[in-house]
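Coordinate analysis (summary)
Letter by letter, the chains look like this.
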Amino acid sequence: MRRIAIGAVLLCAVAQVFAQGCKPSPLGERELFLRGTFNNWSASDEHRFVYVCDRYELYAKLSGEQSFKIADEDWSSDADFGGSAAELKLKGGALSERFGGAHKFQLLFSDSRAARLQISPFSGEAPQLIAAPTVTDPVALSIRFDSRDIRDKSPFGAVTPGKQVSYSFRALPGIEQATLVIAKRRLEGNQELLEYGEATRLPMTASKVGKSDQVQRWSASHNFAAPAIYGYHFEVQIKGKTFVYQNKRDPVYWTREKGSMGLGLVDPLPEQTKRIRRYRQTVYAADFQVPAWARDAVFYNIFPERFRNGDTDNDPRPGRDHYQDKDVEFHANWLDKPSKPNTQDGSDDTYNNDFFGGDLAGIIAKLDYIKSLGANAIYMTPIFRAASNHKYDTADYTQVDPAFGTNADFKRLTVEAAKRGIRVIPDTSLNHVGSDSPYFNRFGNYPAGGAFDDGALNPASSYASWFKLDAAQAKPEDQYQGWVGVKDLPEIDKSSPAFRAFAYGAPGSVMLQWLDLGAAGWRMDVAPWVPDDFWREWRAAIKTHKADAFLIAETWFDASKFLLGDSFDSSMNYIFRNTVLDYAAGGDARKLYPNIELMREAYPPQAFFAMMNLLSSHDQARALHHLGWQDDADRDAQALAKQRLRLASFMQMTLPGAPAIYYGDEVGVGGGEDPFNRATYPWADLGGQPDNALLADIKRLTQLRHKHKLLRHGSIGAPLHLDANVIVLARQDGKTWALSASNNDSKAQTVKLKLAPNLRGLRWKDAFSGRWLKADHQGQLQISVPPLFGRVLISH
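Okay, so let's go over this structure. Keep in mind that this is a model prediction, so the values were computed, not measured. (Residues numbered from 1 in each chain as written. Predicted model: local features only at pLDDT ≥ 70, side-chain atom pairs only at ≥ 80, totals over all residues. Heavy atoms only, no water.)

With respect to the state of the cysteines
Joining two cysteines, a disulfide is a covalent bond between their sulfur atoms. Under the criterion given, the structure shown has one disulfide. The disulfide partner of Cys22 is Cys53, and the S-S distance across this bridge is 2.0 Å. Taking the sign of the S-S torsion, -100° for the link of Cys22 and Cys53, the bridge is left-handed. In this pair, Cys22 is assigned in the loop between strand E1 (2–6) and strand E2 (33–36) and Cys53 in the loop between strand E3 (50–52) and strand E4 (55–71), connecting sequence segments 31 residues apart. Residue classification places Cys22 among the buried positions, given a relative accessible area of 12%. (Disulfide = S-S within 2.5 Å. Helix = DSSP H or I, 4+ residues; strand = E, 2+ residues; numbered from the N terminus. Buried < 20%, exposed > 50% of the residue type's maximum accessible area, 1.4 Å probe, protein only.)

Focus: the side chain of Glu73
Summarising the element assignment, Glu73 is placed in the loop between E4 and strand E5 (80–83). In this structure Glu73 comes out as buried when scored by relative accessible area, which is 16%. Among the polar contacts made by the side chain of Glu73, one reaches the side chain of Lys274 at a distance of 3.3 Å. When near neighbours in sequence (up to four residues on either side) are disregarded, Glu73 contacts Glu31, Phe33, Arg35, Ala43, Glu192, Arg256 and Lys274. (Polar contact = N/O pair within 3.5 Å; in protein donor to acceptor, adjacent residues only side chain to side chain. Contact = heavy atoms within 4.5 Å.)

Some thoughts on the pattern of salt bridges
In total, this model carries 58 salt bridges according to the counting rule given. Across the salt bridge formed by Arg308 and Asp685, the nearest N and O atoms sit 2.9 Å from each other. Here the residue Arg308 occupies a position in the loop between strand E20 (299–302) and strand E21 (322–323), and Asp685 occupies one in the loop between strand E36 (658–662) and helix H14 (692–707), the gap between them amounting to 377 residues. Across the salt bridge formed by Arg320 and Asp321, the nearest N and O atoms sit 2.9 Å from each other. Taking relative accessible area as the criterion, Asp321 reaches 25% and is therefore assigned partly exposed. Among the ionic contacts, a cluster of salt bridges with common partners joins Arg144, Asp146, Asp149, Arg151, Asp152 and Arg217. (Salt bridge = Lys/Arg side-chain N within 4 Å of Asp/Glu carboxyl O.)

Observations regarding helix H5 (residues 497–505)
Every buried residue of H5 is listed here: Phe499, Arg500, Ala503 and Tyr504. Within H5, the buried residues cover an arc of 100° as seen down the axis, which keeps them to one side. H5 presents Pro497 and Gly505 as exposed residues on the side facing more than 90 degrees away from its buried surface. The elements touched by buried residues of H5 are strand E27 (394–400), helix H6 (510–516) and helix H7 (532–545). (Arc of directions from axis to C-beta.)

Below, the structure written as structure tokens:
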């Protein structure tokens, strides 16, 4: 057991001791959460502490090295615990620990109001700290509402303003009163602020179901006036008791609100309305348009510094180039592993300062390769001047980093890419800049004029209004705000008119400059940290300048609020990533696929069909690592991980959305958390050993997607078949249908589908083998699905 002292005075403490030696929580009714890299720093119910007698407790399963803090939902100053392993304090930095399975976390408070955190491994079944509410009333238990059943909610899914939505549920007789409760949601930041406004309560009316007196249907309708995310639930009175029919309890990846919708659950009405698990209704702008080309895109995602060195003359040089106030490191061997400080790998103790020489010239040189893979769009992490190898610490938004080339090289990239039918999407952050930049200039590496020249406030700087500066603080590091506490990344005051004009408002502003140089749109880093009104103005400026610019948000949780037609067209789909990888790793499809169904229901269709469906990224372990790949694993284990990757890629290419291949995944590049997920591409001419058999299979899958339009455009409904291993989906585009079946079992699985009457007379051709299938005289189609892969059948 590790014990970590917390030397912090807790405010709002209550010293009174009550029955059986228990004490009230010093934080009152506020709740604490374990927030860290494992849940994108969100306050999720899955990682919510429960106060038990005299301490907060949590049982959680974590793996690998994780950074975390303990905080309430709002990051309140008196409930935000962090610091070093030796001493945690209020508003301290994040802890970093390595985990390997289930752990018990206990936060205990002493009479002196100090506290300590105990972390211990845990085996067995975790005790249920929160008693699940029980309902025994047969009428209450008979209530059935399925948000994806057109009989219960019509029309399906997201709607536009002015559209009347009908809601109804079925139940046995005995309900005295039923109410549909609707409230507008407010979600800000990284889900820190989540609340619902004043509720609209609509009485529901009862009617018979058919000629039977044994079942009633209760109904109500509502016309949503404006784009927003709304929550709804049902309250019913039975024998003087009030019950709530609400969203179910299953977790949604990265998302604070539980419940994947569909069939819900009935529970006693909780004392606190914040405990109601609301269904969510998306209402989006009627004029919301997503570029038509987006749903046809197959992205190739590149971390430029590690893809290809096309110009050795611009390589960073130790002794000449610097990272902030330190030297840089350069790998002479392209196939080296990325450096990780304090691991005895021979590197220094600085993060993000090791370079391999990848650049824009290297990408240009490999455009034919990218096209041959089947990609028709490139998403690149930032290329603007910056001190680090990842370039999210922007030093100059208007210039390509010298180690990557020049602005002319970017123009050449977009021109050459366009010749091959490839679009280019750059990336940047409008939330923070680098401390080593002319805008801030903390290290004095630029001419005077930054807001924090050489470590001192400069209120006369033309950039001072970009930041929230506080001269009253004694320590320089306390005089400005770093994004999530990272002082290397000074956070921009997004309300600054000067910054807004610089970023997108003025003629020739940064966003427009790069569109004019050939960019096809933008991917925006840490979108949730930027206020909604900023994104509204930003979208309007970009779409006015270039109507078909594709705008992608970096969000990890349910992205509905960004897809209302006033900010983004799409988002990096981390819910998709986790769902598909966990399924490919052997997870129960019945528990996982509801994550996809949630998005089908919650997202406007034009956005759902354009989501950036990734499997790997520079922020998460590579797909192969997630699927069991280890460098030192035996050959069979490595082969199994690659076959699971083929299954995940099959899902990518047959589901709605724009697939995104992270450079090197297609040839078997593994790698865990940062920095190992940012390894170099193993080019054969540089001594690498790309897996060409895997590459051929990925190409076959991208070709499948490009060949069959209905895999990109075809409508999709609920699964035709769903069990622990097999998912069967139907797609329709005009008169053409496709059936896609996937299987995550190590053995082939055979399923029998009872086809709808309109499909029974069709012949089905296997898109891979060319074999023909047809339903029997009873309308049943038998499909054998290969192990750890899938089949696509096209109607004829």
